[in-house]
Amino acid sequence: MPINAQEIVQAIGEGVAEALRTNRLFLGVEEDAFRNADIHPEYVTTVEVAKKLTGPDRIVSLETHMKELRRHARWLALVHAKSDKAALPRINGTLAGYRFGKKDSQRIDILVRSSDNESAPLLVAEAKLGVQNLPGVLRDIDRIARLLSMYSDLNLLGRQDIYGAVLFHLMEEGEDVDAHTQKAQNLLTGIDAHLNSLRSTKTWMNARAGLLTHGAKTQPATGYRETHDDGTEESVFAKESFTFAPGLILLGNAADVNSAKF
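This is a predicted model, so every value here is computed, not measured. (Residues numbered from 1 in each chain as written. Predicted model: local features only at pLDDT ≥ 70, side-chain atom pairs only at ≥ 80, totals over all residues. Heavy atoms only, no water.)

Q: Hey, could you run me through the environment of Asn 4 in this one?
A: Here Asn 4 lies in the segment before helix H1 (5-27). Setting aside its immediate chain neighbours within four residues, Asn 4 contacts Tyr 163 and Asp 256. (Helix = DSSP H or I, 4+ residues; strand = E, 2+ residues; numbered from the N terminus. Contact = heavy atoms within 4.5 Å.)

In structure tokens, the structure reads:
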């Protein structure tokens, strides 16, 4: 079943919002931005977003080895080459430059593909925990861009649309939406500069980044009062309010990347 940019944006926005509710239910507000021994908020986000991307004739996989995508891309390229005797060394030579990590063991958080497995992926996506630093986001963008470049170098992008996504969120205490939004916009300024650099060398790439209006929240935090043996009281998970701003970087060869409404 085909997928389009607007559907991806909507599904990711809904999934991130659901992850926020789940994280608050299990971890409390104070733990939303940290790892818990038993529950990892980043994995909750991955699962909730993946659930929203399911559909008829689609397979959604988590933590897929990127080298498996390389092997499948090789098979696809050979199928399309048919009887071209020069295809095999050319394909092998192209893929020799695509190892993912020092041990070739990097994984992609979310993979969406057609159930017939006879085409390239529909979507490859990375899910970040709450972020404040630009370099971490840029590394994820580069991973997605490199994976899409592999399909481009094998001439597979001309046969179908492939999307890439990096999703993240920023959550801070307080009701000053303008201040928190400005912090997010500062992050997006750095992201946009990086995307412009990528587009200058990858003419097939369409890309945009922004905050998702769906899933953004400013709300009071819930908590409880704990009374200690000495009679003192402590607020647990107590904040006056918090602002939650999810963001998305959308990449791909499809033209509708540029017109998707965040």
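The structure having been displayed, the exposition proceeds.
Q: Could you clarify how one ought to interpret helix H5 (residues 134-153) in this entry?
A: Residues spaced three or four apart along an α-helix point in a common direction, a consequence of the helix completing one turn every 3.6 residues. With 20 residues, H5 ought to run about 28 Å at 1.5 Å a step, and its terminal C-alpha atoms sit 28 Å apart, in line with that. In terms of burial, H5 is largely enclosed, as 14 of its 20 residues are buried. At the C-terminal side of H5, Asn 155 shows a positive phi close to 60 degrees. (Expected span 1.5 Å × (residues − 1). Buried < 20%, exposed > 50% of the residue type's maximum accessible area, 1.4 Å probe, protein only.)

Q: Help me understand the environment of Leu 111, please; the structure alone is not making it clear to me.
A: Structurally, the position occupied by Leu 111 is in strand S2 (residues 107-114). Distance from Leu 111 to Ile 59, taken between C-alpha atoms, is 8.0 Å for residues 52 residues apart in sequence. The contacts of Leu 111, once residues within four sequence positions are left out, are Ile 59, Val 60, Ser 61, Thr 64, Leu 69, Pro 121, Leu 123 and Val 124.

Q: I keep staring at the pattern of salt bridges and nothing clicks. Help me out?
A: Where side chains of opposite charge bring their charged atoms close, a pairing between them can arise. Evaluated as defined, the whole model comprises seven salt bridges. With its nearest N and O atoms 2.8 Å apart, the salt bridge here joins Arg 58 to Glu 7. One end of the pair, Arg 58, is in strand S1 (residues 58-65); the other, Glu 7, is in helix H1, with 51 residues separating them in the sequence. Where Asp 104 meets Arg 70, a salt bridge forms, and the shortest distance between an N and an O atom there is 2.7 Å. Here Asp 104 is found in the loop between helix H4 (87-95) and S2, whereas its partner Arg 70 is found in helix H3 (residues 66-81), with 34 residues between them in sequence. Of the two residues examined, Asp 104 and Arg 70, each falls in the buried class. Taken together, the salt bridges that share partners define one network made up of Arg 70, Arg 99 and Asp 104. (Salt bridge = Lys/Arg side-chain N within 4 Å of Asp/Glu carboxyl O.)

Q: What should I look at first to understand the nonpolar core in this one?
A: Across soluble globular proteins, nonpolar side chains have a tendency to be buried as a group. Membership of the largest hydrophobic core comes to 43 residues, with the highest contact counts inside it found for Ile 141, Tyr 151, Ile 191 and Ile 249. Only H3, H4, S2, H5, strand S4 (163-173), helix H6 (177-201), strand S5 (206-211) and strand S9 (242-252) provide two or more residues apiece to this core. Sort the elements by how many residues they give to this core and H5 lands first, with nine residues. Setting aside residues up to four positions removed in sequence, Ile 141 forms contacts with Val 166, Ile 191, His 194, Leu 195, Leu 198, Ile 249 and Leu 251. Ranked by size, the runner-up nonpolar core spans 28 residues in total, among them Val 112, Ala 127, Phe 244 and Ala 260. (Core = buried A, V, L, I, M, F, W, Y, C linked by side-chain atoms within 4.5 Å.)

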